[in-house]
Amino acid sequence: MNPDNTTPTQRSYPKTDADGEVYVISFPKCGRTWLRVLLARAISDAHRLPMELCRDLDLTHFTAADPGVPRIVFWHDDRVAWRAPGELSSDKGFYRDRKVVLLVRDIRDVAVSHYFQRTRREGNPYTGTLGEFLSEDVGSVRTCLEFWNIWQAQQHTPAAFLLSSYERLSADTTGELARVLDFCGLAGATEPATLRAAAEYARFDAMRAMERDDTLRSEKLRPTVPGDPESYKTRRGVVGGFRDYLDQEQIGYVDALVRDMLAPPWQPMARAADGLPHFPSAEGGHSH
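Parameters and conventions
Residues numbered from 1 in each chain as written. Predicted model: local features only at pLDDT ≥ 70, side-chain atom pairs only at ≥ 80, totals over all residues. Heavy atoms only, no water. Helix = DSSP H or I, 4+ residues; strand = E, 2+ residues; numbered from the N terminus. Buried < 20%, exposed > 50% of the residue type's maximum accessible area, 1.4 Å probe, protein only. Contact = heavy atoms within 4.5 Å. Areas by Shrake-Rupley, 256 points an atom, 1.4 Å probe, with all protein chains shown as cover. Core = buried A, V, L, I, M, F, W, Y, C linked by side-chain atoms within 4.5 Å. Lys, Arg positive; Asp, Glu negative; His and termini not counted. Salt bridge = Lys/Arg side-chain N within 4 Å of Asp/Glu carboxyl O. Polar contact = N/O pair within 3.5 Å; in protein donor to acceptor, adjacent residues only side chain to side chain. Phe/Tyr/Trp six-rings, centres within 6.5 Å; stacked < 30°, edge-to-face > 60°. Lys NZ or Arg CZ within 6 Å of the ring centre and 35° of its normal.

Visitor: I'd like a rundown of the overall build of the chain, residues and numbers included.
Guide: Summing up its helical and strand segments, the chain has 11 helices and five strands in all. In the chain, which comprises 288 residues, the share counted as buried stands at 57%. At a minimum sequence separation of 6, the contacts of the chain that also span at least 24 residues come to 71%. Accessible area of the chain: about 12,300 Å², with a carbon and sulfur share of 49%.

Visitor: Lay out the environment of Pro85 with the relevant residues and their values.
Guide: As for its placement among the helices and strands, Pro85 is situated in the loop between β2 (72-75) and β3 (99-104). Sequence separation of Pro85 and Phe147 is 62 residues, and the distance between their C-alpha atoms is 7.4 Å. Sequence-distant contacts of Pro85, defined by excluding residues within four places in its chain, comprise Asp137, Arg142, Thr143 and Glu146.

Visitor: Pulling in residues and values, what's your account of the nonpolar core?
Guide: Membership of the largest hydrophobic core comes to 80 residues, with the highest contact counts inside it found for Ile107 and Trp148. With eight residues, the top contributor of residues to this core is helix α1 (residues 32-46). When sequence neighbours within four positions are dropped, the list of residues in contact with Ile107 reads Val141, Cys144, Leu145, Trp148, Val254, Val258 and Ala270.

Visitor: Residue-level account of the side chain of Arg105, with values.
Guide: With respect to the helices and strands, Arg105 occurs in the loop between β3 and α3 (107-120). For the buried Arg105, which has no salt bridge, the nearest side chain bearing the opposite charge is Asp109, at an N-O separation of 4.5 Å. A polar contact of 2.9 Å, which involves the side chain of Arg105, links it to the backbone oxygen of Lys29. Each residue touching Arg105, except ones within four places of it in the same chain, is listed here: Lys29, Cys30, Val110, Ser113, Trp148, Tyr166, Glu167, Val238 and Met269.

Visitor: Lay out the packing of aromatic side chains in plain terms, naming residues and giving numbers.
Guide: Two aromatic rings, taken as a pair, are described by how far apart their centres are and by the angle between their planes. This structure, assessed with the given rule, holds 14 aromatic pairs. Taking the centre distance of 5.1 Å and the plane angle of 85° together, the rings of Phe94 and Tyr95 count as edge-to-face. You can call Tyr95 buried: its relative accessible area is 0%. On the numbers, 5.8 Å between centres and 50° between planes, the contact of Tyr115 with Phe133 is tilted. One end of the pair, Tyr115, is in helix α3; the other, Phe133, is in helix α4 (residues 130-134), and 18 residues separate them in sequence. Exposure class is identical for Tyr115 and Phe133. Each is buried. Following the ring pairs from residue to residue traces out a cluster consisting of Tyr23, Trp75, Phe94, Tyr95, Trp151, Phe161 and Trp266. In this arrangement the basic side chain of Arg98 is found over the ring face of Phe94, its NZ or CZ atom lying 4.3 Å from the centre.

Here it is in C-alpha cells:
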C-alpha cells in the first residue's frame, strides 16, 4: 500500500515546513501532542507570548511574533502510519542542516494506543481486532520498528539529533522538557519556575479537560466521540497500560518482533515500560 503513489526518492516535504529549524518527529501515539503543549507553554511564559498565538498548537506562530524563537515543526516523518516497512524511505538528507528530536515510546503501548486511534478517531476506519492490528503490514508494529531502525542508522545525518521518550517525560517531566528546550536553542525557557508551570499546565488531567472543553481550539486535541474515553487524543497516559489490553501471547509476539527486527542498541527503549532504561542515544544531542 502506497497512499501517495510515490517512491521514496520522489517524496517531497511540505513547502510550509521547508524552513523549519527543529523538527519533532515520531511514529503516532508516542506523546508528541503532550510534548507540543509542554513546549508551547514554556515558550509562551519565557518569551511573554500569549498562548492564544499558538493557533492549532502550531509553534511556528511564536516564531512569527518573536524571531528569537526557533521555528519548531511537528510532524510524522514520511507519513509513516500509512506505509508498510518496505515502503519507508531511508533517505533523511532533508534534515542535514536541521535539528531533529525523535520521540519514542514502548512499542506495546504505541500499538494499543494507535489501534484505538485507528478505530475510534475520524479518518482512521480500521475494523479489525486489536490482535489482528498487531500483525498488520501497514502502519503497525513492524512499520514502527523499521522506522526506528532507519533513524537509528541515520541519526548522524541531521545537524543535530536528540532521542527522547514518553517514559522519560513521564518519569521526569521538567528535566526532560529542559533537555529538549536546550537542544532546540531555548535555554532561556529552562528556568525552574517556567518548567514547573509548563508541567502543571500539561498534566494529563488538565490536558484531558482541555480536550473535553476544546480549550485550545485545536483538531490536534479534540475527541472524536466526547463520551468515549478511548477516542480521546489524551486517552490514558499510562506507562505500561498495554497490559490491560494484550494477553501474554500477544505481548510475546510483539517482544519477539523487537528482538528480531530492531537494532540492538534501541531495543531497551522499545520495552521501556519494563523499567526506565539507560540508552546512550538519549543522553544528549550530537552535532556536526
